[in-house]
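Working through the structure, step by step
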Amino acid sequence: MIQAKGIHKQFGALHVLKGVDLDVAERELVFIIGPSGSGKSTMLRCLNRLEVPTAGSVVVDGIDLLDPRTDLNHARQRIGMVFQSFNLYPHMTALGNVTLALRKVAGKSRAEADEIGHAALARVGLAERADHRPGQLSGGQQQRVAIARAIALEPRVMLFDEPTSALDPELVGSVLGVMRSLRESGMTMVVVSHEMGFARAAADRVLFMDDGLIVEQGPPAQIFEAPVHARTRGFISQIQRH
Amino acid sequence: MIDTFFNATIMAQAWPIILAGLGNTLALSLMVVPLGLAGGMALALLSTLRSPWVRWPLMAWVDFFRAFPPLVLLIFLYAGLPFAGLELGGFACVGIAFFLNTGAYYGEVLRAGIESVAPGQIEAARSTGLTRLQALIWIVLPQAVRAVLPDLLSNTLEVVKLTSLASVVALPELLFQARQAQSLTYNPTPIVAAAVVYFLLLWPLVRLLSRLENRAVAAR
């Protein structure tokens with residue numbers, strides 16, 4: 001589903017990604033962990049071209065994202081993204097957030113878009129909040145609306161950039177619950193997060209990134225219980241202490 | 001005192017003249033406010049282009065017309081340009097002067113609004129496939145305008161007051177008409193009347209502005 005090869009990303013003198021390869025199979029859930037500044041968010045953002053890699057290639061669902069002839073806005077409908085800070089549109093209702101791209105990008109009529117939007121909000125357990133503005137919702141509810149906004153476009157892949165990091169602990173569960181049900185529906189997912197319990201239960205593969213490279217990868221049990229590299233061990237023991 | 005400044009007989013005589021002036025002030029405002037807003041929006045949108053070939057000329061333009069007193073600009077257009085064979089007429093001169101002057105002010109206000117919108121908003125919009133332009137129209141501008149609504153309104157108040165400058169190019173707006181009535185009646189009552197009319201016209205806007213500003217403080 002995703003083939004990323006030799007991804008480099010430089011911001012001026014800063015070399016954030018130093019040749020990352022990432023293949024994700026259909027229906028696979030890949031977890032990316034690593035210290036801050038390791039390049040994991042940048043890597044994720046290269047997968048829908050929010051960041052343009054300095055070198056390398058990114059193919060998602062058969063579409064070459066770095067080919068200048070690619071209709072990027074069309075491709076992005078197939079790649080849903082969820083952000084750490086939700087990034088809901090504060091001047092629109094939950095339903096408005098979910099339906100904007102349906103109407104403006106997918107070309108649906110307002111009635112069609114509203115129907116799909118209501119269904120998407122129901123999937124994240126917020127059918128009754130359709131008319132609420134983001135400011136009237138809790139953080140967990142906002143993040144679920146953000147997930148609904150992405151899944152309403154029926155993406156082939158979902159990217160999650162630290163989806164629970166900005167949430168109070170008691171609100172994390174509701175978001176993870178939605179992610180789990182997405183997982184069960186067969187969605188291909190790439191998740192940058194430190195929710196180890198969720199990773200253990202749901203991930204097919206865990207990647208440990210450090211200093212712009214993938215240091216180690218494998219099934220969650222292996223990475224969390226028997227990491228091979230010292231850097232991985234150090235990082236795992238650090239986040240387990242919290 | 002009352003006979004000098006609040007003379008009822010003179011008031012009755014001057015009233016139709018003042019009213020015609022009010023009509024012209026309103027018409028002028030309805031021309032220059034949208035013109036200034038359109039010019040300001042164009043400048044603000046241009047400022048979102050990061051190219052130095054756009055930024056520097058834009059900055060020079062905005063600085064120049066914010067520093068150039070609008071009255072001087074207006075008189076230059078009206079009384080200066082005819083020496084170069086260009087006679088534009090009072091109405092056109094007012095339109096151009098206000099477009100240049102208030103456009104620069106509105107432009108700065110709107111630019112601040114656009115810059116206040118979090119970058120994550122644009123990223124979220126782009127990640128769902130919206131184009132740059134669609135993100136600007138549906139996500140950035142609505143939030144930008146909301147953020148600077150008090151400043152836009154405050155600027156608009158200033159612009160409506162500035163329309164009295166049109167009197168110097170003999171456009172029969174409120175102030176000009178009041179001065180006409182004053183010289184016809186040899187009495188300052190029409191000026192007082194004009195002041196009252198300005199106040200009645202602008203006071204609701206001032207109230208609205210206070211409420212918006214209070215709400216902005218409360219939201220903080």
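The rules behind these values
Residues numbered from 1 in each chain as written. Chains lettered and ligands numbered in written order. Predicted model: local features only at pLDDT ≥ 70, side-chain atom pairs only at ≥ 80, totals over all residues. Heavy atoms only, no water. Pairing = 2+ DSSP bridges. Helix = DSSP H or I, 4+ residues; strand = E, 2+ residues; numbered from the N terminus. Axes fitted to C-alpha atoms, helices over the stretch in contact; angles between N-to-C directions. Contact = heavy atoms within 4.5 Å. Buried area = accessible area lost by both parts, 1.4 Å probe. Salt bridge = Lys/Arg side-chain N within 4 Å of Asp/Glu carboxyl O. Polar contact = N/O pair within 3.5 Å; in protein donor to acceptor, adjacent residues only side chain to side chain. pLDDT = per-residue confidence, 0-100. Core = buried A, V, L, I, M, F, W, Y, C linked by side-chain atoms within 4.5 Å. Buried < 20%, exposed > 50% of the residue type's maximum accessible area, 1.4 Å probe, protein only.

Quick notes on the sheet that holds strand 7 (residues 157–161) of chain A
All names here are of chain A.
- The 6 strands lie next to each other as 6-7-8-3-9-10, forming an open sheet whose pairing is mixed. Each of the sheet's edge strands pairs with one partner strand only, and the pair in question is strand 6 (79–82) and strand 10 (213–218). Averaged over all neighbouring strand pairs, the angle between strand axes comes to 20°, with direction disregarded.
- The sheet strands contacting helix 6 (residues 169–184) are strand 3 (29–33), strand 7 and strand 8 (188–192), and the helix crosses strand 8 at an angle near 150°.

Describing the interface of chain B and chain A
- Each partner contributes residues to the interface: chain B has 17 residues there, and chain A has 22 residues.
- Roughly 1,700 Å² of surface becomes buried between chain B and chain A when both sides are summed, with 58% attributable to carbon and sulfur atoms.
- Run the count over chain B and chain A and you get 1 salt bridge.
- We note a salt bridge from Glu-123 of chain B to Arg-45 of chain A, for which the minimum N-O separation is 2.6 Å.
- Linking chain B with chain A are 6 residue pairs in polar contact (both at pLDDT 80 or more).
- Taken together, the elements giving at least two residues each to the side of chain B that touches chain A come down to helix 6 (119–127) and helix 7 (132–147) of chain B.

Digging into the sheet that holds strand 2 (residues 14–24) of chain A
All names here are of chain A.
- Read across the sheet, 4 strands follow the order 2-1-4-5 without closing on themselves; strand pairing throughout is antiparallel. Each edge of the open sheet carries a strand with a single partner, namely strand 2 and strand 5 (63–64).
- Of the pairings in the sheet, the one linking strand 1 (residues 2–11) to strand 2 comprises 8 bridges and is antiparallel in character. Bridge assignment links Phe-11 to a residue of strand 2, and that residue is Leu-14.

A closer look at the confidence of the model for chain B
Residue and element names in this part refer to chain B.
- With 99% of its residues at a pLDDT of at least 70, chain B reaches an overall mean of 87.
- Ranking the helices and strands of chain B by mean pLDDT puts helix 6 first, with 94, and helix 1 (residues 2–5) last, with 77.
- Across the predicted assembly, pTM comes out at 0.84 and ipTM at 0.89.

Looking at the nonpolar core
- Core analysis: the largest hydrophobic core is formed by 91 residues, its most contacted members being Leu-47, Ile-147 and Met-158 of chain A.
- Among all residues touching Ile-147 of chain A, those that are not within four sequence positions of it are Val-82, Val-124, Met-158, Phe-160, Val-175, Val-178, Met-179 and Leu-182 of chain A.
- Listed in part, the 34 residues of the second largest apolar core include Val-94, Tyr-106, Val-109 and Val-117 of chain B.

Here we look at unusual backbone geometry
Residue and element names in this part refer to chain A.
- With a phi angle near 65°, Phe-86 is a residue other than glycine that sits in the positive phi range.
- Following the sequence through the fold, Phe-86 ends up in the loop between strand 6 and helix 3 (94–104).
- The phi dihedral of Glu-162 is positive, around 45°, even though this residue is not glycine.
- Take Glu-162: it is sitting in the loop between strand 7 and helix 6.

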